[in-house]
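Breakdown of the fold
Each chain, written out:
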Amino acid sequence: MARNPAPRSASASSRDGGTESELAKKRRARKINRLLAAAHPDAECELDYANPLELAVATILSAQCTDVRVNLTTPALFKRYRSAADYAEANPEEVEAIIRPTGFYRNKTKSIIGLGKALVEHHGGRLPEDMDALVKLPGIGRKTANVIRGNAFGAPGITVDTHMIRITNRLGLVEGTDPVKLEYQIQKLIEPREWTMFSHRVIFHGRRVCIARKPACGACTLAAICPSYGEGPTDPAEAAKLLKGDNVDELIKLAGIEHAVSR
Ligand code: SF4
């Protein structure tokens, strides 16, 4: 399936002022989801947690911090504080000392202790599943609420983070950068049962292929249906060098560029 250089397909015209019907866009979005599923079968929530409360705390810590660093920090935190009441009664200085490596530790400590207090006062110490209730909790915005609902409660949720904003715009699926507007735009395109996994796949694609500064267009499985093809190098060998992650060989195979890449 040698495909590079990728053609500027009909769908690419949407970026150039052409018209792509809503139906055509929906079909393309679902094809993108299928291709991403094949490219990133290991896509998942990369934060370690054992229950909804731990996921909520880990997600608060993940702001401006890598998931890897959060996962190095949370074992000590989760061992010391096991319930919402534990966080509610925590000594801020002790929490700060544990979570310091994740950055912005003072604000994060306030959010975590505030979360514990709010859960004890209003929800019997348990994390609510309802979106409206979640976003009223300290430290939890819509993005975090969707992560919690999608991963801890199995309720479909689209996580609009920096990768989702960049990639859905590059793919011409959405317009703008407002996270809430984007969430609703994407909801119209992707089947609800796929929302959570679509979010994980887009994030993996953003980390491994469609990288912010230099997307690996010439090694991308979405090249033929992406209006931004060419934003990064289209030469397969050059693009392949930009790929990251555990499954680079598989990504090269899926892009049909093995012939051009010597590894
Ligand atoms: S890497 Fe290039 S072709 Fe692939 S999705 Fe990103 S911009 Fe489009």
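If you look the protein up in an unreviewed UniProt entry, it shows as Endonuclease III from Glycomyces luteolus.

1. Quick notes on the UniProt feature "domain: HhH-GPD" (unreviewed entry) in the protein
Per the UniProt annotation, the sites labelled "domain: HhH-GPD" (unreviewed entry) are residues 61–208. Within the segment residues 61–208, helix and strand shares are 65% and 0% respectively, and the terminal C-alpha atoms sit 23 Å apart.

2. Quick word on the domain arrangement of the protein
Considered domain by domain, the protein is made up of domain 1 (10–43 + 160–260) and domain 2 (52–152). Distance between the C-alpha centres of domain 1 and domain 2: 31 Å. Counting only elements with at least two residues in the side of domain 1 that touches domain 2, the list comes to helix 10 (179–189) and helix 11 (195–208). Residue contributions to the side of domain 1 that touches domain 2 peak at 3 residues, all from helix 11. Its residues assigned to classes, the side of domain 1 that touches domain 2 comprises 4 nonpolar, 2 polar and 1 charged.

3. What to know about the UniProt feature "binding site: [4Fe-4S] cluster" (unreviewed entry) in the protein
Per the UniProt record, the feature "binding site: [4Fe-4S] cluster" (unreviewed entry) sits at Cys210, Cys217, Cys220 and Cys226. Taking the farthest pair of C-alpha atoms as the criterion, the annotated set spanning 17 residues converges on one region, since that pair is 11.0 Å apart. Of note, Cys217 is situated in the loop between helix 11 and helix 12 (236–240). For Cys217, a count of 28 C-beta atoms within 10 Å gives the class buried. With residues near it in sequence (within four places) discarded, Cys217 still touches Ala223, Tyr229, Gly230, Glu231, Gly232, Pro233, Thr234 and Ala239. In this structure, Cys220 sits in the loop between helix 11 and helix 12. Residue class for Cys220 comes out buried when judged on the 30 C-beta atoms lying within 10 Å of it.

4. Things to note about the site of the ligand
Surrounding the ligand, one finds 15 residues, the nearest of these being Cys210, Pro215, Cys217, Cys220 and Cys226. Taken together, the residues of the shell around the ligand sort by class into 11 nonpolar, 2 polar and 2 charged.

5. A short note on the nonpolar core
For soluble globular proteins, nonpolar side chains are generally found buried alongside one another. Judged by nonpolar contacts, the single largest core of 39 residues is most densely connected at Ala216, Ala219, Cys220, Leu222, Cys226 and Ile252. At the level of elements, helix 1 (22–39), helix 9 (162–170), helix 10, helix 11, helix 12 and helix 13 (248–254) are the ones that each hand at least two residues to this core. For this core, the element with the highest residue contribution is helix 11, accounting for 5 residues. The residues touching Ala219, leaving out its near neighbours within four places in the chain, are Val209, Pro236, Ala239, Ala240, Leu243, Leu251, Ile252, Ala255 and Ile257. The next biggest cluster of nonpolar side chains, apart from the first, holds 31 residues, and it includes Ala84, Tyr105, Ile112 and Ala145.

6. What to know about the environment of Cys45
Residue placement: Cys45 occurs in the loop between helix 1 and helix 2 (52–61). Exposure remark for Cys45: the 20 C-beta atoms within 10 Å place this residue in the buried category. Sequence spacing of Cys45 and Met131 is 86 residues, and the spatial spacing of their C-alpha atoms is 19 Å.

7. Description of the environment of Ala260
Note that Ala260 resides in the segment after helix 13. For the pair Ala260 and Asn151, spaced 109 residues apart in the sequence, the C-alpha separation amounts to 39 Å. Excluding residues within four positions of it along the chain, Ala260 makes contact with Pro236 and Ala237.

8. Focus on the packing of helix 9 against helix 10
Packing of helix 9 against helix 10 leaves a shortest axis separation of 11 Å and a crossing angle of 55 degrees. In terms of orientation, helix 9 lies oblique with respect to helix 10. Here helix 9 runs over helix 10; the crossing is left-handed. Only Pro179, Leu182 and Ile186 of helix 10 make contact with helix 9, whose side of the interface consists of Met164, Ile165 and Thr168. Residue composition of the contact of helix 9 with helix 10, by class: 5 nonpolar, 1 polar and no charged.

Rules used throughout
Residues numbered from 1 in each chain as written. Predicted model: local features only at pLDDT ≥ 70, side-chain atom pairs only at ≥ 80, totals over all residues. UniProt positions renumbered as here; feature names shortened; annotations may be inferred. Helix = DSSP H or I, 4+ residues; strand = E, 2+ residues; numbered from the N terminus. Domains from an automatic or database assignment. Nonpolar A, V, L, I, M, F, W, Y, C, P; charged D, E, K, R; others polar. Buried ≥ 20, exposed ≤ 12 C-beta atoms within 10 Å, placed from the backbone. Contact = placed C-beta atoms within 7 Å. Near = placed C-beta within 6 Å. Core = buried A, V, L, I, M, F, W, Y, C linked by C-beta atoms within 7 Å. Axes fitted to C-alpha atoms, helices over the stretch in contact; angles between N-to-C directions. Parallel < 35°, antiparallel > 145°, perpendicular 65-115°, else oblique. Left-handed = near helix turned anticlockwise from the far one by under 90°.

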